Structure formats: C-alpha cells, structure tokens
Amino acid sequence: MSDLESRDVDLVVIGAGPAGLAAAISAKKNGVNDLILLERNNWLGGILPQCIHDGFGLEVFQEPLTGPEYAQRYIDKLKDLKIPCFLNSMVLEVTSKKEVFVASPEGLFCFRAKAIILAMGCRERTRGQICIPGSRPAGVYTAGVVQNLINLKNVMVGRDVVILGSGDIGLIMARRLTLEGAKVHAVVEIMPHTNGLPRNVQQCLIDYDIPLLLSHTVTEINGLNRVESVTISPVDKNLKPIKGKEKRIPCDTLLLSIGLIPENDLSKACGVELSSVTAGAIVHENLETTVPGVFACGNVLHVHDVVDFVTLEAEKAGKSAAEYVLGKSRKVDRIRVEAGDGIRYVLPQSICTDADLELSSRVVCPGEGVSIGFFDGEKLVKTKKFVKVHPAQMIKVKLKKSEIIAVKTLKVEVLQK
Amino acid sequence: MSGRYLTMSDKSEVLIIGAGVVGCAIARELAKYKIETVLLEKENDVCSGVSKGNSGVLHTGIYYKKGSLKAKLCVEGRLMFPELAKQLDVPLNLCGKYVIARTDEELKDLEDLKAVGEGNGVKGLPIISGKEMKKREPNIDALYALHSPVAGIFPPYLFTIALAENALNNGVKIHVNTEVTAIKQENSGYKVTTNQGVFYTDIIVNSAGLYADKISAMIGLDNYKQYPCRGEYLILDKNCHNLINSMIYPVPPKVAGVLGVHLTPTLDGNILIGPSAEFISEREDTRTTKEKVQQLIEGAKDLFPSIPLKEIIYGFSSVRNKITPPEEKTSRDFIIQEDAENFVNLVGMESPGLTASPAIAKLVVQMIKRKVDLNEKSDFDPVRKRTVSFSEASRIEQAALIKEDADYGEIVCRCEHVSKREVVDALNNPFSSRSISAVKYRTRAGMGRCHGGFCLPRIVEILKEEYGLLPEEIKLKNLHSPLFVGKTKDLREIKKNE
Amino acid sequence: MKKEIICIGCPMGCYLTIDYYEKTMLSISGNRCKVGLEYAEKEISNPERTLTSTVRVKNGNLPLVSVRTNKPLPKGRIFDTMDFLAEVEVEAPVRIGDKIVRNLFGTGVNIVATKNVVKKE
C-alpha cells in the first residue's frame, strides 16, 4: 500500500503570496468550495512579510500600508472564508494532466485538479547569470535575500555595502541597511536613468547622502574569502564599460538588485506556453494560459511594481477559475494583441473583443507627454496620453467594448510626436 | 575521530598531506591495511581544491604518451572506476565522448588520437562520419568525430567525499583545518608541525596539490616549480539537459596539455562549458574574467552554434597543478616518487589525475609496501552508502521517506528539491564541516538556478536552530569567509565599540 | 536659496525646483498638485519622514516584529529613533497596531507593530 496520497480537488492555487491569497479568496467568493492553497514557506503572504516599508495598498485600501499589514488583510479574509491552506508545501511538479505533486512534512500528495491558478511569484536574477567577473567570496547577495535575512531571520549581512541596480528593491534596501548601521557607499546603475520610483531616490538615497552612480556598472568583485572591494566602471551608450576609467570601492558586501524572473519552472513542465518577453505565461483576457483550466496571475505572469495591481489581477484569475470549475466559461473568439514600437509587452496577449477589458503594459523608454496608440491594422482605434511613463511603472489601459468590438487585430505602440 | 586536537604523542605510520581526490584515494587504499594512517587537510572540508572544480570526466586515455604514468594510470584507473563507484555509491554515467573534426586537416588529428589511444591499450575508438554524428548529436556540427564510448562523467566532489568517508570508516584519521607549517626529519621518521599541533609519522605522502611544491620544500626538496594554470567554466541550467548526450570536445589545441573548450553534460543535467586555460601568477587566484568568459562563449558556439546562452546560471574557476612551463609544447608526466627516505612526492597531478586516482593510490601503496610490511585487514569494508537523495527518488519512494521522517518533506532547496533531512545529514558530516559549501557539495543545495536565493535563509535557520551557531559563526566555505556580521541590531553595537 | 527635491507625496515623484529663504517659500515649480506644494513647504520648515523598521521580540515565533511610526517623524530624529529601537525588546504575543513605544522623544509619534507575532510553542 503506497504512502502517496492522491485526491481530486476542484481548484489548486499554487503560492500564498498576494496573488495566491487574492485568487483563492476570489475563487471562493465566486462559488468554488473545493479548493486548496499551497505555500512553500512556513508563513502566508509570500514576499510581503519581509517588505516592512510602506506604500502598499494605496489603490485597494487608500492607505499606505506596510507589506505585512497588507498581507494580513488577506490572510484574515482567507481565515474568515475557511479556505484550506497548507504551509511548508512545495509543489514538485504539475503534469499536463493537471496533477499537482506536493511535498510537505505531512507527506507526499498528488492533487488531481480541475483547475489550477499559478501564483508562484518570481525569483531574483543572480550574479552568475550576468557573469560578473572576479572572485566568489562571501558577501555577494541579491537584495531580496538580504531583506529576508535582516527583517525576518535577524541576521545582518555586512557593514560596507555597494548596491548594483537602482530598481525599487535596491533603493529600499539602501535605506534599510543604512538605518541599521551599515554604510552604503554607492548605488550603481548601468542605465542613464534610475529604474526605481523617483520618490524612492529621494527618500532612500538623497535623504541619506548615498551616491547614485548612473551609467556605471560593477566590472569585478574582489576578495578571496569575503568581499574586499568592487571595481566599478562608467559605461558608454552601448552599456559597455569604458576602459581605463575603473575605480575600486572598498566594501564587504555587494548587493544585487538586477531584475526579477517569473518562477515558471512548474508551468513549463505542465505545458504552459511562455512569452520570451515577460518570461510569464501567454494568457487570454480571463488569465487562462494555453493549458485549459490553468490560470496565472501576479509576478509569475509578469513582474509587477504595485501590489494592488497584483491583487486586482489575481481576483480576476480567481473569478475565471471559478467560472471554469463551475462550467460557466464562455466560448469566445479571440484575437492576438501585439506590442509595437516603444512597447515592451502587452498583457493579455489574446483577447475577446465583446467585453470591456484592461490591458497591462510597459514602455521601453521613459518619457513625458507620451501618447500610446491602439491600432487595428492601419486604423487608430484609441489613444491614451500619459503625463509621464517609465519602464519600471506598469501602465494600465481600459478598453471599452464599444472601442474594440469591431477590431480584427490589435497593436499597441508609442506614437511618435 | 576527526577534527579533534591531538596530543604530542599521537604517532602514525603514514601521514598524507592534502585531502583532494588523490590524497583521499590513497587514504582509502591504505585503509585496507593494518597501518596507522592520518590524512591532513588545511581547508575546512575535504575536497576543497581543484578536486571540486573540474569537469568530472572519466578519461579514456587517448591523449597521453604511451608508457607515461598518465597513460598507464589513466587506463588502469578508468577500468577500476565502475566497481569503485558502485562500492562507494557514487553515480557514474559512461556517456561517452566525441572529439570532433571540422576540417580534413583535423581528421588527421582524430586519427592521431585514435592511434595514441590504441597504443595505450584502448580498443573501440571508431571515427564516424558527420552524418552519423548529426544523428547522435543533432546540435553539433562536425565533419567527422572520434567516438570514445567508455569515457564517463561523475561528480568529482561526491567521489572525493566518498573516498574520505570510506577511509574514515575503516580507521583512517582525518583532520581538517590542519595546515602543515614545517616538516623535520627526526629519528627515523618525521615531525610534522601544523597549526593544530604536532604529528609524528614514519612515512609522509605529499598529495598537497597546488601546494605540493611548498610541502616538498619543507624538507629541502625545493626543486619543484609549479605553474598555476587557471581554468574557467560556465554552467548551463538543467533545462539544457537533453541538448547533448555525450561530452563534445574539439580537436586538441596546439597548446601544452590543455584539452580545449569542451562541453560536458553532468549527471545532474547541467552542461559545463570549459575549461579555459590561462597561466597565472598567483595560485590562489580563482577569479573569473571577462575575457575568458567571452572565449568560453565563443568556443561553445563553435561546437554548438545555437547553444542557449541565456541559460548560463553560473561561472567558476579552478587552478591546475601544472609542472609544465607555459613555453613547453607537451605536458610533463605525473611525478610520483620517493624523493627522500619515506617521503613520497606527488607533484603535477593535473588531468587525468581524477580518473587515475584509484590507480595512483595503488601505485603509492606499492611504494609503501617496499618499505614496510603491509598486512591486509580482514574487516575492511569497501562499501560506503550515500545519504538518501530525495529528488532522485520516485514519488512513491518520496512518500515513504516523508512517512519515515517528516524532515524529508520540508524542501529547503527549490531548484534541486533538497529536503531538510538531507541538509542536516550533510551538516552532520564526519569532518564537522558546518559551512554552506559543505551542504552545497553534498546535497546540491545552492547549485541551482536561483543560486541560494531560496535555500540560504533556510540553511541559516537550520544552522542557528539545530547547531546553535551565531550569525557571525556561519561561513560560506573556509573559516575566513563569514557570511554575516551578527544579528540585525548588532552592527550598531559593533561600530560603537570600535 | 535654490534647491531641487523630489516630492514623495505619491508615486508620481515630481521633480520640484524651490527657492526659499530660511523657512519661507519664495517660489516653487514642477509640482503637479498641491501635495507637492505642501511637501515642499514642510521640507524647508520641518522635514518629516515615516520610519519603518524592526524590533526584537522575546519568546515569539519570530525573532523580530516589523514596526512603523504612526505618523511622520522629524527627519532629524530618525537615527536617534533607530538607536532607541535597537534597545527595545517586546514580549510576544504582538498584534498589528500594538503601541510598542508611545510618544517617542515627546514628539507625539508612536511606534506601532505592523505584524502579528504569536508566542513560541
């Protein structure tokens, strides 16, 4: 008799971060009673419990909550709705037949799911992936790991820090480290502009006199056993280091904030088609992937910058999954949405044109007074003007049914002035 | 038994310096006999030098001059490997190797290699057509290829650790964090001074790898010159596991003793690109460089034009113990000789040192037999079992493991599916090595695509809770590689007190 | 005196150019709403920031609890506050909203918990 327990479940939600929590709650509210939420950590909330800074919830709750407070709102709702949730539960595999294999201290389980919501979030890009030359000493960390260590594990990683990458995570950690007594010698950014919100540049760098070195990168890590310094170099307009202008910054820690990668190992194996641009699933407007009954939302679908949008997206996924489970999914014709000039990606990549919808997008370059055009072939169907756009800030555009009902194709691009 | 401080009166019959694959193989071979053997290692763990940073290849013996020790011991070692790997429970895959020729001139090089191999007693080295090669390896472009079907791959660190554990289990005393600082001939033996106390021994075996010349010089034999030659590697994600089936080598470049940038699949599903070869001035310089990374990428594209470079997850480097000066065309042979009374030097133990290691061990034991009587132990246990690997088990087996111990169900490494139980097993290693590296090389936690992003905080938690380590006591590898300065609120206090 | 600052009032992050004399605003440009104006005026007279950090927990299932100031703190007192918080240890259980420190340095600002921490089993 095998110890492997198999069970049929209507809905499995993988990941109890902000996406998974909101998706599970939404699915329950929309009629799914047989659902489980699986979380590999021994806490709920995903990345939020370590994001102790505020600024979360401005859209959904109209207050600037801290990460843990935002998470708790949904954890409380989850408990109120009595949604079964399993901690320390790592999904090992999702098969193309929607069998979910899970390992936990309670045992190895196989859930045969009718529907699955992928909400696994993302992981950080590593030093190895961008091949930073130099030694491999202790003291090289990605920002999220440092945030976890300092805020959750009560461990301080170093005292003299250089940060590579000026995205919000890097900026937030620059401030956090400084507040706890470390010296952040510089934030180094390869692009000529910062990747994070300008207000984070103010309240995380300028407030603490931390230099921001734009158009620079780290070209070598030095130190045999522990980081002793990093070599930085200015870069040219092709982002290549300019020879002869290197400078060493003595430090004992290099913090990397060089990008997030949606965690789609499980998705790939179960047959979900991924976009090479977003590194997330290709989805319809109801957030269903190319595998029927498998939905995706949150950072695993595309990297977000505002958790409120993760929640709203996840609620949609929960509703769609519920419709699928209850046999209420609409059979519709869909058209592909294309990203044109100046647009990095548009999501969803496939839409039905007989209902209102909201598109998420990111631009390639920052700009002010930018207009984005929606084209059906040569015909301009809609324009939306933005005061300010930045690749680091997701754009949301609502399209009304009346605007798209007659289109045969849809392409989104930045209009030239 | 290991890692303990010794008393002045501790005396052994054989003392081996350096717990790399050669030292551990010799220790394990000596463990078969009733002879008091001690193995010293200056780093925090066995297998800390080049033995852990190489391609993990079981070589056939097609490169080495007939009659050389390299040729003889490589062929012998390779033949001993399957049985040894089984005894030590080390995975081995005889996936074979192809040396490819892209031009008709290179075909001549293949024929030369084939002749060398056959001269060394290796049979069955067919040269196949490009068309046949395309069938076997669709991603590789070749005009011809020399097939060496008996070449194999295995994790060199698992092998070295297994040798050490089996040696330990059979009575060899192993001391890590023990660095030899002086050797003096005393009475009819040697007095070996280390940073952990003094050892007395009759016979010394110098298998100190990169530092073999320094150890040798400690008794005045300073004629050995080593030319550190660094090799860099790139590692591709396990997603690439089915892109090549065997090792793919170009024809050997015309530079002394270097095999050229090749592609090596690993048993875990990664692909290794490398190694490069660069003579460097400082033997400890295990940096990776922009230039070599570029060279590796170009070399890889040369063999495999559509190689998915975005799947690179890591780069590392290791330094070879070369005794061949850069200007010499052909690589010098192994030096395995009794250079002084009861002092065996092993110098220049570069490739195929790993493959040859079991045969090297037998040779050294033969040399020792000429000096002392060696009586076999009746109770030598050649078998050493690996700790269970959760990820390699079937789902049914995994379910049973978790039922037996809930810690098998707590997954600490998301990339390699390593469980808490395996991490604890690794930390309970008999050398008391409690570093992150000790866990990494035994379990693969930290070797995956997220590179410790998920597992590091968890391993830190385990070290704190199960072993009572303070944050500042947690090391990456050796004792000089602290990962942290203290608790979150400690830094303020530390700075105030300065 | 002329200065360039970035408004932190909302995610827009307008770049403000201000001209001021001591604590009086002479001119301001770059703001897209009055939040920017209010922010700039506060910056030159009495700059304030919200502070988030952690505080040690005794006997909890977590070693640290995340905390925040319930309203902005004078900017100049941030490091004093961090030094102060380093000495604080709170006993589990802790609930979101618990006042860990009241009326910090007489500023009227409280330090409140932003996470629930239960007693260690």
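Here the residue index of a chain counts from 1 through its sequence in written order. As they are written, the chains are lettered A onward and the ligands numbered 1 onward, keeping that order. The predicted nature of this model means local features are confined to residues of pLDDT at least 70 and side-chain atom pairs, given and counted, to a pLDDT of 80 or more, with totals for whole chains, interfaces and linings taken over all residues. For the side-chain quantities, the full set of heavy atoms in the structure was used; hydrogens and water were omitted.

## Comments concerning the domain arrangement of chain A
All names here are of chain A.
Inference 1: Domain annotation of chain A identifies domain 1 (5–123 + 261–325), domain 2 (126–258) and domain 3 (335–414).
Inference 2: Taken residue by residue, the interface counts 16 residues in domain 1 and 16 residues in domain 3.
Inference 3: With both chains or domains summed, domain 1 and domain 3 bury close to 1300 Å², and 55% of this area falls on carbon and sulfur atoms.
Inference 4: The salt bridge definition used is simple: a Lys or Arg side-chain nitrogen within 4 Å of an Asp or Glu carboxyl oxygen. On inspection of domain 1 and its partner domain 3, the count reaches one salt bridge.
Inference 5: One salt bridge in this structure joins Arg362 and Asp305, with 2.5 Å as the shortest N-O distance.
Inference 6: In protein, a polar contact means a hydrogen-donor-capable atom and an acceptor-capable atom, both N or O and within 3.5 Å, with residues adjacent in sequence counting only if both atoms are side-chain atoms; elsewhere, any N or O pair within 3.5 Å suffices. At the surface where domain 1 touches domain 3, the tally comes to ten residue pairs in polar contact (both at pLDDT 80 or more).
Inference 7: Lys, Arg, Asp and Glu make up the charged group, whereas Ala, Val, Leu, Ile, Met, Phe, Trp, Tyr, Cys and Pro make up the nonpolar group; the residues left over, Gly among them, are polar. Looking at side-chain class alone, the side of domain 1 that touches domain 3 contains seven nonpolar, five polar and four charged residues. These domain limits were set by an automatic method or by a database of domain assignments. Here a residue-residue contact requires only that any non-hydrogen atoms of the pair lie within 4.5 Å. Accessible area that two parts lose when put together, evaluated with a 1.4 Å probe and summed over both, is termed the buried area.

## A short note on the side chain of A:Glu189
Residues and elements named next belong to chain A.
Inference 1: In DSSP terms, a helix is any run of H or I states spanning at least four residues, a strand is any run of E spanning at least two, and both are numbered starting from the N terminus. With respect to the helices and strands, Glu189 occurs in strand 12 (residues 183–189).
Inference 2: Residue burial is assigned from relative accessible area. The probe radius is 1.4 Å, only protein chains are included, and a residue is buried under 20% of its type maximum, exposed over 50%, and partly exposed in between. Residues counted as positive are Lys and Arg, residues counted as negative are Asp and Glu, and His and the chain ends are not counted. Notably, Glu189 is buried but unbridged: the nearest opposite-charge side chain belongs to Arg125, and the N-O separation is 11 Å.
Inference 3: Beyond its immediate chain neighbours, meaning those up to four positions away, Glu189 contacts Gly165, Ser166, Thr194, Asn195, Leu212, Leu213, Leu214, Ser215 and His216.

## Describing the domain arrangement of chain B
Residues and elements named next belong to chain B.
Inference 1: Annotation of chain B at the domain level lists domain 1 (7–92 + 154–224 + 330–386), domain 2 (93–153 + 226–322) and domain 3 (395–491).
Inference 2: Relative to domain 2, the C-alpha centre of domain 1 lies at a distance of 27 Å.
Inference 3: With 38 residues of domain 1 in contact, the opposing surface of domain 2 contributes 39 residues.
Inference 4: Inspection of the region where domain 1 meets domain 2 yields two salt bridges.

## Considering the packing of helix 3 (residues 143–151) of chain A against helix 12 (residues 455–467) of chain B
Inference 1: Structural elements are reduced to axes, namely lines fitted to C-alpha atoms, with helices fitted over the stretch in contact, and the angle between N-to-C directions of any two is expressed from 0 to 180 degrees. Packing of helix 3 of chain A against helix 12 of chain B leaves a shortest axis separation of 9 Å and a crossing angle of 25°. The orientation of helix 3 of chain A with respect to helix 12 of chain B, classified from their angle, is roughly parallel. As for how helix 3 of chain A packs across helix 12 of chain B, the hand of that crossing is right-handed. Residue-level inspection shows A:Val145, A:Asn148 and A:Leu149 of helix 3 of chain A in contact with helix 12 of chain B, the latter providing B:Leu456, B:Pro457 and B:Val460. Roughly parallel means an angle under 35 degrees; roughly antiparallel means over 145; roughly perpendicular covers 65 to 115; every other angle is labelled oblique. Handedness of a crossing is defined here by the sense of rotation of the near helix relative to the far one, left-handed for an anticlockwise turn of less than a right angle and right-handed for a clockwise turn.

## Some remarks on the packing of aromatic side chains
Inference 1: Side-chain rings of Phe, Tyr and Trp, where Trp is taken by its six-membered ring, are said to pair if the distance between their centres is within 6.5 Å; with planes under 30 degrees apart they count as stacked, over 60 as edge-to-face, and otherwise as tilted. Applying the stated rule across the entire model yields 15 aromatic pairs over all chains.
Inference 2: When the ring of A:Tyr208 is compared with that of C:Phe79, the centres are 5.9 Å apart and the planes differ by 85°; the resulting orientation is edge-to-face. With A:Tyr208 in the loop between helix 5 (198–205) and strand 13 (212–214) and C:Phe79 in helix 2 (residues 78–87), the pair connects residues from two separate chains.
Inference 3: Through successive ring pairs, a cluster of aromatic residues spans A:Phe61, A:Tyr70 and A:Tyr74.
Inference 4: Consider the ring centre and the ring normal. A charge sits over the ring if Lys NZ or Arg CZ is within 6 Å of that centre and within 35 degrees of that normal. The ring of A:Phe61 is capped by A:Arg73, whose NZ or CZ atom sits 4.8 Å from the centre of that ring.
Inference 5: Between C:Arg77 and the ring centre of C:Phe105, over which it is positioned, the NZ or CZ distance is 4.2 Å.

## Some thoughts on the interface of chain A and chain C
Inference 1: If you look at the interface, chain A gives 33 residues, while chain C gives 30 residues.
Inference 2: Three residues, A:Leu179, A:Arg199 and A:Gln202, lead the burial of chain A against chain C; their summed loss comes to 21% of the area buried on that side.
Inference 3: Our count for the contact surface shared by chain A and chain C stands at five salt bridges.
Inference 4: Two residues, A:Asp54 and C:Arg68, come together in a salt bridge whose shortest N-O distance is 3.3 Å.
Inference 5: Scanning the region where chain A abuts chain C turns up twelve residue pairs in polar contact (both at pLDDT 80 or more).
Inference 6: If one sorts the elements of the side of chain A that touches chain C by residue count, helix 5 of chain A sits on top with five residues.

## Looking at the sheet that holds strand 23 (residues 357–363) of chain A
Sheets are built from strands paired through backbone hydrogen bonds, the pairs being either parallel or antiparallel.
Residues and elements named next belong to chain A.
Inference 1: The pairing criterion for strands is at least two bridges between them, as found by DSSP. Overall, antiparallel pairing links the three strands, which are arranged 21-23-26 in an open sheet. Single-partner strands in this sheet number two, and they are strand 21 (343–347) and strand 26 (395–399). Within the sheet, the average angular offset between the axes of one strand and its neighbour, ignoring direction, is 25°.
Inference 2: Pairing of strand 23 with strand 26 involves five bridges; the strand directions are antiparallel. Counterpart to Leu359 in the pairing with strand 26 is Val397.

## Some details on the interface of chain A and chain B
Inference 1: Between chain A and chain B, the residue contacts involve 57 residues of the former and 59 residues of the latter.
Inference 2: Interface area, chain A with chain B, both sides summed: about 4900 Å², of which 55% is carbon and sulfur.
Inference 3: Taken together, chain A and chain B are joined by eight salt bridges.
Inference 4: Across the salt bridge formed by B:Arg395 and A:Glu93, the nearest N and O atoms sit 2.7 Å from each other.
Inference 5: Here chain A and chain B share 27 residue pairs in polar contact (both at pLDDT 80 or more) between them.
Inference 6: Where the side of chain A that touches chain B is concerned, the elements lending two or more residues are strand 6 (90–94), strand 7 (99–104), strand 8 (107–118), helix 3 and helix 6 (265–269) of chain A.
Inference 7: Broken down by class, the residue content of the side of chain A that touches chain B amounts to 24 nonpolar, 16 polar and 17 charged.

## Notes on the nonpolar core
Inference 1: Remark: nonpolar core denotes a set of buried residues (Ala, Val, Leu, Ile, Met, Phe, Trp, Tyr, Cys) joined through side-chain atoms within 4.5 Å. Among the nonpolar cores identified, the biggest contains 86 residues, and A:Leu177 and C:Ile100 are the most heavily contacted of them.
Inference 2: With near-sequence residues (within four places) excluded, C:Ile100 lies in contact with C:Val55, C:Val67, C:Val88, C:Val90, C:Val94, C:Ile111, C:Val112 and C:Ala113.
Inference 3: Counting 65 residues, the second-largest nonpolar core is a separate cluster that includes A:Ile14, A:Leu65, A:Tyr74 and A:Ala314.

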